[in-house]
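For reference, the chains in residue letters:
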Amino acid sequence: MSGQRVDVKVVMLGKESVGKTSLVERYVHHRFLQGPYQNTIGAAFVAKTMYVEGRSLTLGIWDTAGSERYEAMSRIYYRGAKAAIVCYDLTDASSFERVKFWVNELQNFEEHCRIYICGTKSDLLENDKSLRQVDFHDVQDYAEEIKAHVCETSSKTGQSVDELFQKVAEDYVNFNSMQGPTEAKGVDLNQKQNSTLYSCCHH
Amino acid sequence: MSQSEATISTGTLSLPENQDSQRSASPAPTLIQGTEPGASQDEAMFVHAQSYEDLTGEEEGAVPGSPGVEGAVESSSMEQISEDFSKLSTKLSSSDQETQNSEVRTDLGRRESIRSTGQEENEEGGLRALEAWYNHQKHVFVLSEAGKPIYSRYHSEEALSSISGVMMALVSFLETEKNAIRSIHADAYKVVFVRRSPLVLVSVSHTRQSEQEIAQELLYVYYQILSLLTGTQLHHLFQQRPSYDLRRLLSGSERITDSLLDLMDIDPSFLLGAVRCLPIVSGARDASSSCLQQAKAKSLVFSILMSRNQLISLVRRKEHYLHHIDLHLLFNLVTSSSSFKEGEAWTPVCLPKFNSSGFFHAHISYLSHDPELCLLLISTDREDFFTVSDCKRRIVERMEKRGCWGSLREALRSPFYSVAQVDIPELRHFLYKSKSSGLFTCPAMDVPYDTDEERRRLLALYQYLHSKAHCSSHHLTTIYHMGTNENILTWVTDAFELYVCFSPLATKSIATTGVSRLLRWIRKEEDRLFILSSPTY
């Protein structure tokens, strides 16, 4: 009895202030909000319907907070995710180190989740190439190793944003038929004896 | 500014007519709690906190049914002392105080020297920034017991390291004597300490607030930190590593605490320990309450409809009550961040007065942006997002079907009523708190309180009178304060608390009749100004 029909659960992960919310904002609302940085608290959920090969598909996007405070409970947000967009800031080398942490986490707990490594704020590099702190080829090598997709986006200009989510949806459609049964439901920590089972994500 | 105060006998405030009905039109001072205007007609909505003293005097972690997290951590005598904080005598022993004063004077002296250097080297921007930093009215610092800075209201790292060292030295100096430092009074400055192991909270201020009120604000900051981390996690972290740097975990939350402190400077909710309701015709309030009520789920504990720190309706699980401190923290969380404006947020939040050991999950969504209308659904189950999200959908659907929007939107467009509606000569503003319901009402701050400065001044005056009325050594039931800019009548009974601001032209007799008329007006309007029922699922 979910309120929204969600076909693909997508989770946004990455160090704080790399621009996960801006990316979602650009994709869902086609806008880029200037102004002071506002960190996400907990996580925000937004559903977006799109079309892949003539078929409608609803992405349920979980935009998570980058703060370490929420790390311990991040599993509730990425559990059962079909795709994870792991973001890093192209101008911040330390943010790429956090990518490795999240990838590790996903590989351990969500083996069916496809990983998309996304370098953000590419517009900053347009005028000043020297700001780049993460080499594209290093990322590509790493991504090949973990079988992830790589892209560089700018939420400010919109560069490669729609393409990224389109790719997520297409990959889901293309690979889903080959995928095995969905994962079992997680343990209910509150041990409530619910007569009805609610699944986080289904298709 | 010439000011005079007189305590007038409560007798003059009683009314000539005698009313027999239980909910009399105008309450006499002997009115028992639960029948005052604004009192809830069935059960109360909040945990019963009668007065300000209850809040400052309470022991931490005393939530019935929840494991005593705090007690288990450190059972030293210091813990005991800090728990008994408010029961201790107000002043330190004179010799101790002298030591403290001299220490603070050294600090003030240092500031003077910085100030003069700043004047000599005008181009030194850094020093000017530092001077501005020192000039803030109220600083708030949070330190760990190891002396590590955790939070500073006005940031500035460089000033912080030396200051936190001095503060910890003061705290531990007295602890060795099995004593606890509560406050230092030096010139116009008050330095107030609140110890909540493993944290030490310090405020340095030059306001007219009493030490108790400042301590209460510091407690709010403490609860704010608990609401982000839970008491269990906080204690666990420092038990494992006493030198833990908590700033890492709190990063990104400074804004929430900043906003809480700013809000406390301008919103009387915190002073009164009460929740402000949005005035709305009772039919519309009941309709929205019933929409919340019908969308229930197993894991739902509270459903709250709010707008800009004002409560519209609250539905709770039968056996559970929300504490107004927890509600204030939730309000502040929502208003301090624009991150909830889009989509549906699902965020862990600890309600420290309800249970400081664990997280609830809050589903936060805006039903309307202009005017602002926000829905909070508090769930016990972090896996239950989609069920709770479905509740939200059902609430919105039902509100549409019942046509709640029109009257809601109208009420939201005018969240404050004008004091002119009350139609009492010379009346400018008032605060009225119904003690049994834990709710309060006040009109808009119209001319002459339409500037930020004047608003703050009036609130500071209320704070001052509040501290006079609630002074631990001698409670006052009525205070008539005469100032050059306004006269304020304060009246505190078992059932209500009232602060009425008149123009300086008002006489004592105008004020007395005015207050009686005001109480009658509040009674007449109570179903619009207050939430008289406390619906459960």
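Owing to the predicted nature of the structure, the values given are computational and were not obtained by experimental measurement. (Residues numbered from 1 in each chain as written. Chains lettered and ligands numbered in written order. Predicted model: local features only at pLDDT ≥ 70, side-chain atom pairs only at ≥ 80, totals over all residues.)

**What to know about the overall build of chain A**
Quick reminder of the rule: Counting from the N terminus, the helices are the DSSP runs of H or I reaching at least four residues and the strands are the DSSP runs of E reaching at least two. To sort residues by burial, count the other C-beta atoms lying within 10 Å of each one's C-beta; a count of 20 or more means buried, 12 or fewer means exposed, and anything in between means partly exposed. C-beta atoms are built from the backbone. A pair of residues counts as a contact when their C-beta atoms, built from backbone coordinates, are separated by no more than 7 Å.
The helix and strand inventory of chain A stands at six helices and six strands. In chain A, the succession of helices and strands from N to C terminus is β-α-β-β-α-β-α-β-α-α-β-α. Taken over 203 residues, chain A has a buried fraction of 40%. Sequence separation of at least 24 residues holds for 72% of the intrachain contacts in chain A that already meet a minimum separation of 6.

**Examining the overall build of chain B**
Scanning chain B from terminus to terminus reveals 17 helices and 17 strands. Sorting the 537 residues of chain B into buried and exposed places 46% on the buried side. Taking contacts inside chain B between residues at least 6 apart in sequence as the whole, the part at least 24 apart equals 68%.

**With respect to the domain arrangement of chain B**
Note on interface size: it is often stated as the accessible area lost on association of the parts. Residue and element names in this part refer to chain B. Operational definition: Where each domain starts and ends follows an automatic or database-derived domain assignment. When residues are sorted by character, Ala, Val, Leu, Ile, Met, Phe, Trp, Tyr, Cys and Pro go into the nonpolar class, Asp, Glu, Lys and Arg into the charged class, and all the rest, Gly among them, into the polar class.
Partitioning chain B into structural domains gives domain 1 (4–47 + 417–529), domain 2 (78–269) and domain 3 (280–413). Placing the centre of domain 1 and that of domain 3 at their C-alpha centroids yields a distance of 30 Å. Contacts between domain 1 and domain 3 engage six residues on the former and nine residues on the latter. Of the residues in the side of domain 1 that touches domain 3, the class split is three nonpolar, one polar and two charged.

**Thoughts on the sheet that holds strand E10 (residues 344–349) of chain B**
How we decide: At least two DSSP bridges between two strands are needed for those strands to be called paired. Between N-to-C directions, angles cover 0 to 180 degrees, with each direction set by a line fitted to C-alpha atoms, over the stretch in contact for helices.
The eleven strands lie next to each other as E6(A)-E5(A)-E4(A)-E1(A)-E3(A)-E2(A)-E10(B)-E11(B)-E12(B)-E8(B)-E9(B), forming an open sheet whose pairing is mixed. At either margin of the open sheet sits one strand with a lone partner, and together these are strand E6 (149–152) of chain A together with strand E9 (310–316) of chain B. Each strand axis lies, on average, 25 degrees off the axis of its neighbour in the sheet, ignoring direction. Note that strand E5 (residues 114–120) of chain A and E6(A) share four bridges and pair parallel. Within E6(A), the position partnered with Ile117(A) by the bridge is Val150(A). Each of strand E8 (300–307) and E9 of chain B is contacted by helix H12 (residues 282–294) of chain B, which is oriented at about 40 degrees to E9(B), the strand it contacts most. Its contacts with the sheet place helix H13 (residues 324–336) of chain B against E8, E10, strand E11 (360–368) and strand E12 (373–379) of chain B, and it is angled at close to 125 degrees to E12(B).

**Regarding the packing of helix H1 (residues 20–29) of chain A against helix H6 (residues 161–176) of chain A**
All names here are of chain A. Which entries qualify depends on this criterion: In this scheme, roughly parallel covers angles under 35 degrees and roughly antiparallel covers those over 145, while 65 to 115 is roughly perpendicular and the rest are oblique.
Two elements in contact, H1 and H6, have axes separated by 9 Å at closest approach and are oriented at 85 degrees. Of the possible angle classes, the one that applies to H1 and H6 is roughly perpendicular. Of the residues in H6, those in contact with Leu23, Arg26 and Tyr27 of H1 are Val161, Asp162 and Phe165. Split into classes, the residues belonging to the contact of H1 with H6 amount to four nonpolar, no polar and two charged.

**A word on the UniProt feature "domain: FUZ/MON1/HPS1 third Longin" (unreviewed entry) in chain B**
Condition: UniProt positions are given in the numbering used here, feature names are shortened, and annotations may be inferred rather than shown by experiment.
Those residues carrying the UniProt feature "domain: FUZ/MON1/HPS1 third Longin" (unreviewed entry) are residues 426–526 of chain B in this numbering. In residues 426–526 of chain B, helix accounts for 37% and strand for 29%; the two terminal C-alpha atoms are 22 Å from one another.

**Section: the interface of chain B and chain A**
Every contact between the two is made by 28 residues of chain B and, on the other side, 25 residues of chain A. Of all elements in the fold, only helix H9 (247–250), E10 and helix H14 (385–402) of chain B reach the threshold of two or more residues within the side of chain B that touches chain A. Element by element, the count of residues in the side of chain B that touches chain A is highest for H14(B), at six residues. Class assignment of the residues belonging to the side of chain B that touches chain A gives a composition of eight nonpolar, ten polar and ten charged. Pairing analysis gives two bridges linking strand E2 (residues 43–52) of chain A to E10(B), with the strands arranged antiparallel. Paired with Phe45(A) across the two strands is Glu344(B), which belongs to E10(B).

**Regarding the nonpolar core**
Put simply, the test is: Here, a nonpolar core denotes buried Ala, Val, Leu, Ile, Met, Phe, Trp, Tyr and Cys residues that are linked to one another through C-beta atoms within 7 Å.
Formed by 183 residues in total, the largest nonpolar core has its most connected members in Ala84(A), Val86(A), Leu376(B) and Val500(B). When residues of this core are assigned to their parent elements, the largest contribution, twelve residues, is made by helix H7 (residues 211–229) of chain B. If we ignore the near neighbours within four places in the chain, the residues touching Val86(A) are Leu13(A), Gly14(A), Val99(A), Trp102(A), Val103(A), Ile115(A), Tyr116(A), Ile117(A) and Cys118(A).

**Things to note about the sheet that holds strand E4 (residues 183–186) of chain B**
Residue and element names in this part refer to chain B. Spatially, E3-E2-E6-E5-E4 is the arrangement adopted by the five strands of the open sheet, whose pairing is antiparallel. Edge positions in the sheet fall to strand E3 (149–152) and E4, since each has one partner strand and no second. For this sheet, the mean inter-axis angle between neighbouring strands, taken without regard to orientation, is 15 degrees. For strand E2 (residues 138–144) and strand E6 (residues 199–205), the ladder comprises seven bridges, and the chain directions are antiparallel. By the bridge assignment, histidine 139 is partnered in E6 with valine 204.

**What to know about unusual backbone geometry**
Ser197(B) connects to Pro198(B) through a cis peptide bond whose omega is 5 degrees. Cis geometry is adopted by the peptide bond preceding Pro371(B), which originates at Asp370(B) and carries an omega value of 0 degrees. Its location among the elements puts Pro371(B) in the loop between E11 and E12. Within the chain, Glu53(A) stands out as a residue other than glycine whose phi angle is a positive 50 degrees. In this structure, Asn309(B) takes a positive phi of about 65 degrees despite not being glycine.

**Some points on helix H16 (residues 452–469) of chain B**
Residues and elements named next belong to chain B. What counts here: Expected span, for any helix, means 1.5 Å times one less than how many residues it has.
Taking 1.5 Å as the rise per residue, H16 with 18 residues should run 26 Å; its terminal C-alpha atoms sit 26 Å apart, in good agreement. Of all the residues in H16, the buried ones are Leu458, Tyr462, Gln463, Leu465, His466 and Ala469. Packing partners of the buried residues in H16 comprise H7, helix H11 (268–272), strand E13 (427–434), strand E15 (478–482), strand E16 (487–492) and strand E17 (496–502).

**What about the environment of Ser56(A)?**
Residues and elements named next belong to chain A. Position of serine 56 relative to the elements: it lies in strand E3 (residues 55–64). With 29 residues separating them in the primary sequence, serine 56 and isoleucine 85 have C-alpha atoms 21 Å apart. With near-sequence residues (within four places) excluded, serine 56 lies in contact with Thr49 and Tyr51.

**Looking at H13(B)**
Residue and element names in this part refer to chain B. For H13, built from 13 residues, the straight-helix expectation of 18 Å at 1.5 Å per residue is met to within 8% by its first-to-last C-alpha distance of 18 Å. Summarising burial for H13: twelve of the 13 residues are buried, a large majority. Within H13 the residues assigned to the buried category are His324, Ile325, Asp326, Leu327, His328, Leu329, Leu330, Phe331, Asn332, Leu333, Val334 and Ser336.

**Considerations on the confidence of the model for chain A**
Residues and elements named next belong to chain A. Formally: pLDDT is defined as a per-residue confidence score from the predictor, taking values between 0 and 100.
Here chain A shows a mean pLDDT of 85. Residues at 70 or above account for 85%. Counted against residues more than four places away or in other chains, residues 179–188, with its pLDDT under 50, gives eight contacts. Scored below 50 in pLDDT, residues 191–203 shows 18 contacts in the model against residues more than four places distant or in partner chains.

**Things to note about the pairing of E3(A)**
Looking along a regular strand, one sees side chains alternate from face to face of the sheet. Residue and element names in this part refer to chain A. By the bridge criterion, five bridges tie strand E1 (residues 8–14) to E3 in an arrangement that is parallel. The partner of valine 11 across the bridge, within E3, is tryptophan 62. Both E2 and E3 contribute to a ladder of ten bridges, which runs antiparallel. Note on E3: the bridge partner recorded for alanine 47 is glycine 60.

**Some remarks on the environment of Ala39(B)**
Within the element layout of this structure, Ala39(B) appears in the loop between strand E1 (4–6) and helix H1 (52–57). Considering only alpha carbons, one finds Ala39(B) and Ser436(B), 397 residues apart in sequence, at a separation of 5.7 Å.

**So, the environment of Leu367(B)**
Residue and element names in this part refer to chain B. Inspection of the secondary structure puts leucine 367 in strand E11. On the neighbour-count criterion, leucine 367 (16 C-beta atoms within 10 Å) is partly exposed. Note: C-alpha distance between leucine 367 and alanine 411 (44 residues apart in sequence) is 15 Å. Beyond its immediate chain neighbours, meaning those up to four positions away, leucine 367 contacts Leu373, Leu375 and Val396.

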